[in-house]
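Residues per chain are reported as follows:
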Amino acid sequence: MTTTLDPDAARTGLRGIDWRNYAIYIGFVVVFALFAVFLADDGFLTGTNLLNIVRQTAIISVMAVAMTFVIASAQIDLSVGSVAGLASVAAALAIGSTGSTLLGVLAGLGTGLVVGIVNGGLVTFLGMPSFLVTLAMLGIAFGLAQLITASAPVPILDDTFTTIFGGGNIGPVPGLLVWTAVAVAAGAVVLAKTRYGRQVLATGGNRVAAEYSGVHTRRITFTVMLVSSVVAAIAGMLYAGRLESGRYQWGTGDELSVIAAVILGGTSLFGGAGSVVGALVGSLLIGLINNGLILAGLDNSQQQIIRGLIIVVAVALARKK
């Protein structure tokens, strides 16, 4: 018995695919291929350079996982970069004053917990827009970290802390890659396979309908803001471990890269749809672009222009109907 392929059916199937759902993956492959061809002589394809791209984007990728939940629930968190810097300082100061790795970790996590409670409480219980709340927190966290350190870096001499948080390897695998893999795997499963993930998407898609369906939307909003700050604190400790110091500048401007990665990855800025794996690819795409433009020898102003144009085009292509 033989079967024949109906050309009309095949064309109909292809027309039924919304290629914009895969724009980030197609864009990543296209950009990678272009850099591989034109920058081959500059060492783009070397294992060391490709590993550096992943390492340099790892912390952004970790924060992008939590930001996916925030944006999918129709909120925004602009404070993640400054919270990372403040947490790095808090951990470094605690380790320096007590010599305890555990207290350093608790200080960093506690920083994220306090900020998350404040952000989530103001948004949830006072009804303040998350944009304004986290914009204010961005300045507060940055200023506080600068104030308590007198603008000076705080060295971390604890080998255990630096090994766990980004400075060491687990076997042959860099620790930062392990953190990224764990964060992405956990986030992807929670968002796509759990009741909580469905409630996050329902809250962002239609809050009123979600409430009528029994979703506690206030609790969802509070928890996504809380988790975002705690994950930002972990990112700050990854900076501190990798760079062996706490500093108020760590994480400065990361909120823009994190949000761009999430939106590039297919999460709707208006809520109701999200992709953790897409956010990872968006983060890698940004790192890929940065690396390629540096290898191409472009100055900083040219890099900014081209990077912005590529992101605008990618978002336009990925825009949902």
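Details of the structure are given in the entry above.
Structural notes, computed from the coordinates. Quantities reported herein were computed from a predicted structural model and do not represent experimental measurements. (Residues numbered from 1 in each chain as written. Predicted model: local features only at pLDDT ≥ 70, side-chain atom pairs only at ≥ 80, totals over all residues. Heavy atoms only, no water.)

### Regarding the overall build of the chain
Turning to step 1, where the next piece is worked out: Summing up its helical and strand segments, the chain has 14 helices and four strands in all.
Turning to step 2, where the next piece is worked out: Since a compact globule built from 321 residues should have a radius of gyration of about 20 Å, the 21 Å found for the chain is in line with a globular shape.
Turning to step 3, where the next piece is worked out: Counting over 321 residues, the chain shows a buried share of 45%.
Turning to step 4, where the next piece is worked out: Taking contacts inside the chain between residues at least 6 apart in sequence as the whole, the part at least 24 apart equals 78%.
Turning to step 5, where the next piece is worked out: Surface accessibility of the chain: about 15500 Å² in total, with carbon and sulfur atoms responsible for 68%. (Helix = DSSP H or I, 4+ residues; strand = E, 2+ residues; numbered from the N terminus. Rg over C-alpha atoms; globule rule 2.2 N^0.38 Å. Buried < 20%, exposed > 50% of the residue type's maximum accessible area, 1.4 Å probe, protein only. Contact = heavy atoms within 4.5 Å. Areas by Shrake-Rupley, 256 points an atom, 1.4 Å probe, with all protein chains shown as cover.)

### Considering the packing of aromatic side chains
Turning to step 1, where the next piece is worked out: Summed over the entire model, instances satisfying the criterion amount to seven aromatic pairs.
Turning to step 2, where the next piece is worked out: Considering the side-chain rings of F142 and Y248, the 5.2 Å spacing of their centres and the 80° angle between planes classify their relative orientation as edge-to-face. Separated by 106 residues along the polypeptide, F142 in helix α6 (residues 130-149) and Y248 in the loop between β4 (245-246) and α12 (254-264) bring together distant segments of the chain.
Turning to step 3, where the next piece is worked out: The class of Y248 is buried, set by a relative accessible area of 11%.
Turning to step 4, where the next piece is worked out: Consider the rings of F165 and W179, whose centres lie 5.4 Å apart with planes at 20°: the pair is stacked. Note that F165 is positioned in helix α7 (residues 159-167) and W179 in helix α8 (residues 175-193), a separation of 14 residues in sequence.
Turning to step 5, where the next piece is worked out: You can call W179 partly exposed: its relative accessible area is 26%. (Phe/Tyr/Trp six-rings, centres within 6.5 Å; stacked < 30°, edge-to-face > 60°.)

### Looking at the packing of helix α4 (residues 80-98) against helix α5 (residues 101-125)
Turning to step 1, where the next piece is worked out: Running from N to C, α4 and α5 cross one another at 150°; their axes reach a closest spacing of 7 Å. α4 and α5 meet at a crossing whose hand is right-handed. Together, V83, L86, A87, A90, A91, A94, I95 and T98 of α4 and L103, G104, A107, G108, T111, G112 and V115 of α5 make up the contact between the two elements.
Turning to step 2, where the next piece is worked out: Here the residues of the contact of α4 with α5 sort into 10 nonpolar, five polar and no charged. (Axes fitted to C-alpha atoms, helices over the stretch in contact; angles between N-to-C directions. Left-handed = near helix turned anticlockwise from the far one by under 90°. Nonpolar A, V, L, I, M, F, W, Y, C, P; charged D, E, K, R; others polar.)

### Quick notes on the environment of R247
Turning to step 1, where the next piece is worked out: Mapped onto the elements of the fold, R247 is located in the loop between β4 and α12.
Turning to step 2, where the next piece is worked out: Separated by 101 residues in sequence, R247 and Q146 have C-alpha atoms that sit 7.9 Å apart.

### A few points about a nonpolar patch on the surface
Turning to step 1, where the next piece is worked out: Residues Y22, Y25, I26, V30, L34, V37, F38 and V277 make up a contiguous nonpolar surface patch of about 780 Å² in total accessible area.
Turning to step 2, where the next piece is worked out: Looking at which element gives the most residues to the nonpolar patch, the answer is helix α2 (residues 23-38), with six residues. (Patch = residues over 30% accessible without salt bridge, like charges linked within 9 Å, V, L, I, M, F, W, Y side chains within 5 Å. Salt bridge = Lys/Arg side-chain N within 4 Å of Asp/Glu carboxyl O.)

### A word on the side chain of T134
Turning to step 1, where the next piece is worked out: Looking at the secondary structure, you find T134 in helix α6.
Turning to step 2, where the next piece is worked out: Given a relative accessible area of 0%, T134 falls into the buried group.

### Remarks on the environment of F28
Turning to step 1, where the next piece is worked out: Note on placement: F28 falls in helix α2.
Turning to step 2, where the next piece is worked out: On the accessibility criterion, F28 (23% relative accessible area) is partly exposed.
Turning to step 3, where the next piece is worked out: Sequence separation of F28 and F165 is 137 residues, and the distance between their C-alpha atoms is 28 Å.
Turning to step 4, where the next piece is worked out: Excluding residues within four positions of it along the chain, F28 makes contact with V281, L284, L285 and L288.

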